[in-house]
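# Residue-level structure breakdown
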Amino acid sequence: MVVPRLIERKRDGGALSGDEWRELIAHYATGAVPDYQMAAMAMAVLFRGLTDEELAALTGAMLDSGERLPRSATGGRRIDKHSTGGVGDKTSLILAPLLAACGVAVPMMSGRGLGHTGGTLDKLESIPGFTTRMPLSEAVRQLDAIGVVMFGQTEEIVPADRRLYALRDVTGTVESIPLITASIMSKKLAEQLDGLVLDVKVGSGAFLPNIADARTLARTMVGVGERAGCRTVAILTAMDRPLGRTAGNAIEVVESIAAMRGEAAGDPMEVTLALGAEMLLLAGGATGRGEAVQILKSAIRSGAALERFREVIRWQGGDPEVVDHPERLPRAPEIREVRVGRSGRMPPLSPRVLGEMIVAMGGGRRMAADAVDPAVGLEILPRAGQSVAAGDVLAIVHARTPASADDAELTLRRALDHAWQEDAEPLPLLLERITHDHAAPYGDPAWEH
Ligand code: URA
């Protein structure tokens, strides 16, 4: 294998054979192929794309660079959910214990905040003592015992992606549909799932904002999953505004606990129930969407979902008391109300601007090694589309210092002014559902089982 010749072929629009991809990735994972050659290859892929055969070979080669989560003899069907990333998206926190309470085995392997988007691991680690780092053997032991584990990608899983993702992040090669697909699907296939539900975000806060790109990404990931024997369904959901009332780390755990208590309504619950119903259907735990939603709601009403979350926290070394006393979670010292300056209809506030604002407050990372402040964040009170009057509370800022709260207040006012000028209609929350043989607007009666 002469790497420069492979790069030139891809650069000029040709294809690599399966063996060439396997050799390239195997050598990259061991360090024998240097980052500068892989960066050039990633850029060539970004411009030229991959054939279906190349994408399957690349995903398989990345998967084979590490270990797989061992299958176990016990437990229900293994189903996971993955989102392409957003702001205020706490659905994973609710879905993992909720589905486990319904008899589904959920190995929820999540990521950290990336760019302006939040990460499930950072949110969970705001619970005092909670650890998301564990070897695969420990993850399987917990999965077998309580039906759910919420952990981070270990060194053992898809090491080629750990290296390639970090490289793409600094070489302008993140926004490539085949590279995103290979990255996400190699990690999900390493979990040896029976089924996977993908939440593909659309709108200004998504990595691929426009719906045509999001649709192509969804179709591509569904195709790779199905060809690998993993039933895969994608739902396109709105990320033209933050999801729900909170964005930050501890503050999103508080909203998630309220949701598991049945005390939260609105957008996060709608998305949670839509994704959860797909997970339950893939697990064979319901015969139709209506029934699936009823099962999920009754697991919330009975307290079973919350009880399972308490067990997850206990197993993973956290303080289970936060479930009954969310005030034990870290709380920022500076709490500031920001009020609306004039009356009107609440426009969608840019998730990218608000996500970057939270990073600037310390709630996310600028560099991989940065520590995250678990306590800072934002509550946004009115929903997009709702009428607001001058003087109503727009948001409550949770900041580390008065100066940081000042900056956040200014950013919020500018974001609101800008959104008012744009006067955009909020996207429908649930846009489309995509399977290997069907794509339809969400809620289309044709796909009811
Ligand atoms: N998340 C991933 O894991 N990989 C990507 O390439 C993009 C989002």
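Treat the numbers as computed from the prediction; the structure is a model and nothing was measured. (Residues numbered from 1 in each chain as written. Predicted model: local features only at pLDDT ≥ 70, side-chain atom pairs only at ≥ 80, totals over all residues. Heavy atoms only, no water.)

As a structural note, the neighbourhood of the ligand is formed by Tyr 165, Arg 168, Ile 180, Ser 183, Ile 184 and Lys 187. One of the side-chain nitrogen or oxygen atoms of Ser 183 is found 2.7 Å away from a nitrogen atom of the ligand. Mapped onto the shell around the ligand, the elements with two or more residues apiece are α8 (159-169) and α9 (177-189). (Near = heavy atom within 4 Å. Polar contact = N/O pair within 3.5 Å; in protein donor to acceptor, adjacent residues only side chain to side chain. Helix = DSSP H or I, 4+ residues; strand = E, 2+ residues; numbered from the N terminus.)

What follows deals with the sheet that holds strand β1 (residues 79-83). Across the sheet, 5 strands lie side by side as β1-β4-β5-β12-β13; this open sheet has mixed pairing. Edge positions in the sheet fall to β1 and β13 (438-441), since each has one partner strand and no second. Neighbour to neighbour, the strand axes of the sheet diverge by 15° on average, direction disregarded. Pairing of strand β12 (residues 430-435) with β13 involves 4 bridges; the strand directions are antiparallel. Counted as the bridge partner of Ile 434 is Ala 439 from β13. Across the face of the sheet, α9 comes into contact with β1 and β4 (195-202) while running at roughly 160° to β1. (Pairing = 2+ DSSP bridges. Axes fitted to C-alpha atoms, helices over the stretch in contact; angles between N-to-C directions. Contact = heavy atoms within 4.5 Å.)

Here the focus is unusual backbone geometry. A positive phi angle is found at Gln 192, which is not glycine, with a value near 50°. On the secondary structure map, Gln 192 appears in the loop between α9 and β4. The phi dihedral of Asp 423 is positive, around 50°, even though this residue is not glycine. Secondary-structure assignment places Asp 423 in the loop between α16 (402-422) and β12. The class for Asp 423 is exposed, based on a relative accessible area of 59%. (Buried < 20%, exposed > 50% of the residue type's maximum accessible area, 1.4 Å probe, protein only.)

Turning our eyes to something else, we now look at empty space enclosed by the protein. Any space left empty among the atoms is revealed by the rolling of a water-sized probe across them. This model, assessed by the stated rule, comprises 2 cavities of 30 Å³ or more. Put simply, the largest cavity is a space of about 160 Å³. In terms of lining, the largest cavity is formed by 21 residues, of which the most central are His 116, Thr 117, Gly 118, Ile 358 and Gly 363. Those elements that place two or more of their residues in the lining of the largest cavity are β6 (246-248) and α15 (351-363). With 4 residues, α15 is the largest single contributor of residues to the lining of the largest cavity. For the lining of the largest cavity, the per-class residue count stands at 5 nonpolar, 13 polar and 3 charged. The volume enclosed by the second largest cavity comes to roughly 50 Å³. Lining the second largest cavity, in full, are Trp 21, Met 38, Met 41, Ala 42, Val 45, Leu 58, Leu 164 and Leu 179. Here the lining of the second largest cavity gets 4 residues from one element, more than from any other, and that element is helix α3 (residues 35-48). (1 Å grid on protein atoms, 1.4 Å probe; cavity = no way out; pocket = protein on both sides within 12 Å on 5 of 7 lines; lining within 4 Å. Points joined across faces, edges and corners; volume = space filled by probe spheres on them. Nonpolar A, V, L, I, M, F, W, Y, C, P; charged D, E, K, R; others polar.)

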